[in-house]
Amino acid sequence: PDSENSRGMSYTETLLWMMDAMPGDNYRPHPKLVRALDVLFIVHADHELNCSTAAMRHLASVRTDPLTAVSGASAALYGPLHGGASEAVIHMLEAIGSEEEIPSFLARVKAKKTKLMGFGHRVYKNYDPRAILLKDLANDVFELVGQEDPLVRVARCLEQAALEDEYFTSRKLFPNLDFWSGLIYRAMGIDLPFYPLLFALPRTAGWLAHYVEGINMDDDMMSRKGGDEGTGAGKVTEDGATKGSTYITRPRSIYVGKLRDGESDVDFVVPEYNENYGVDVSKSAIQRRRSLAASTWRFSNE
């Protein structure tokens, strides 16, 4: 809402103001909490081609409108293994309960009876640099609010125990961004159901940047990155027109299962061909179909 009291505030300051201000008062969020939310939003704004960003790029490639594309990316982000990871960390710490239970909890993790949330990353094979930043930020917030959450003690002891355990370090399982972000939100008095929302708000900026990049990417760049299937939709100009052509994003997939009963496993090695590029008719219909496709490909590339 527009108000004289909120004018001149930053985006994050306005968000905190809208959460707590009452009509007629001169409420202003604490600057350290504003900075904390600023930092959280910056580190969450974009981060490589993750699940939700990949969904955004797919949708952009077929010219889905931005609003619908953001809805699709939000659906991907909503999954507990992506945008719900910081919430899962809180649930894990609550389940552990106290630092005395950490050894037994880690034993269950090693036995694959439970999961260690907030550790490990597909990209980072050491301590997530964003987590280092948020750990310092978390200490500032904890000091500001004046009352340390019992879960913070559990988190610190869990981090120390995991970092001193060769089982986890040898597997490159170090704290990631989600390990500390949920604790910061909790210290700021934000309820768990809002965690994915506070992830999606800043990530929307990153999604839209990928959306614009995807629909404006030149043909030769798309070709180098493995695009296929020209659409003719093209580059979007300022007046909304298009020019050139682009490509629908289509990941490759490989079937690794088995054929019908009585048939052998699928052999994905390109079959041997005779000099006339013939196909072995003794194979099953599925194998002959694959051989024909591979033969056509070989012939067209020679």
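Residues numbered from 1 in each chain as written. Predicted model: local features only at pLDDT ≥ 70, side-chain atom pairs only at ≥ 80, totals over all residues. Heavy atoms only, no water.

A. Region of the structure containing the overall build of the protein chain. Looking only at helices and strands, one finds 13 helices and 4 strands in the protein chain. Among the 302 residues that make up the protein chain, the fraction classed as buried is 38%. Long-range pairs, those at least 24 residues apart, make up 63% of the contacts in the protein chain with a sequence separation of at least 6. Element-wise, carbon and sulfur atoms account for 55% of the exposed surface of the protein chain, whose accessible area totals about 17,800 Å². (Helix = DSSP H or I, 4+ residues; strand = E, 2+ residues; numbered from the N terminus. Buried < 20%, exposed > 50% of the residue type's maximum accessible area, 1.4 Å probe, protein only. Contact = heavy atoms within 4.5 Å. Areas by Shrake-Rupley, 256 points an atom, 1.4 Å probe, with all protein chains shown as cover.)

B. How the structure looks around the pattern of salt bridges. Summed over all chains, the structure comprises 8 salt bridges. Residue glutamate 159 is joined to lysine 135 by a salt bridge in which the shortest nitrogen-to-oxygen separation is 3.0 Å. Taken together, the positions of glutamate 159 in helix H8 (residues 150–163) and lysine 135 in helix H7 (residues 129–145) put the pair 24 residues apart, joining distant regions of the chain. The class of glutamate 159 is buried, set by a relative accessible area of 4%. A single network of salt bridges, built from pairs that share partners, joins Glu94, Asp149 and Arg186. (Salt bridge = Lys/Arg side-chain N within 4 Å of Asp/Glu carboxyl O.)

C. The packing of aromatic side chains, seen in detail. The final tally for this structure, using the stated rule, is 5 aromatic pairs. Taking 5.1 Å as the distance between ring centres and 75° as the angle between the ring planes, the aromatic pair formed by phenylalanine 119 and phenylalanine 179 counts as edge-to-face. Residue phenylalanine 119 is located in the loop between helix H6 (102–110) and H7, and its partner phenylalanine 179 is located in helix H10 (residues 177–187); the two are separated by 60 residues in the primary sequence. For phenylalanine 179, a relative accessible area of 0% gives the class buried. Note on tyrosine 185 and tyrosine 195: the rings are 5.5 Å apart at their centroids and 45° apart in plane angle, and the pair reads as tilted. Taken together, the residues span a long stretch of sequence, with tyrosine 185 in helix H10 and tyrosine 195 in helix H11 (residues 195–216) at a distance of 10 residues. Taking the relative accessible area as the measure of exposure, tyrosine 185 reaches 2% and is therefore buried. (Phe/Tyr/Trp six-rings, centres within 6.5 Å; stacked < 30°, edge-to-face > 60°.)

D. Expanded view of the nonpolar core. Ranked by internal contacts, the top residues of the largest apolar core, which has 49 residues, are Met92, Leu93, Leu116, Leu134, Leu158, Trp180 and Leu183. When neighbours within four sequence positions are excluded, methionine 92 is seen to be in contact with Phe105, Lys115, Leu116, Met117, Leu158 and Phe179. (Core = buried A, V, L, I, M, F, W, Y, C linked by side-chain atoms within 4.5 Å.)

E. View of empty space enclosed by the protein. The final tally for this structure, using the stated rule, is 1 cavity of 30 Å³ or more. In this model, the largest cavity occupies a volume close to 40 Å³. His44, Ser86, Asp178, Ser181, Tyr185, Tyr195, Leu198 and Phe199 together form the lining of the largest cavity. Elements supplying a minimum of two residues to the lining of the largest cavity: H10 and H11. Of the residues that constitute the lining of the largest cavity, the class distribution is 4 nonpolar, 3 polar and 1 charged. (1 Å grid on protein atoms, 1.4 Å probe; cavity = no way out; pocket = protein on both sides within 12 Å on 5 of 7 lines; lining within 4 Å. Points joined across faces, edges and corners; volume = space filled by probe spheres on them. Nonpolar A, V, L, I, M, F, W, Y, C, P; charged D, E, K, R; others polar.)

F. Molecular detail of the environment of valine 62. Position of valine 62 among the secondary structure elements: in the loop between helix H3 (51–61) and helix H4 (66–77). With 186 residues separating them along the chain, valine 62 and isoleucine 248 place their C-alpha atoms 5.9 Å apart.

G. The layout of surface pockets, seen in detail. If you add up the space inside the largest pocket, you get close to 940 Å³. Residue lining of the largest pocket: 33 residues in total, with Leu81, Gly120, His121, Arg122 and Asn176 positioned closest to the centre. Where the lining of the largest pocket is concerned, the elements lending two or more residues are helix H9 (166–169), H10 and H11.

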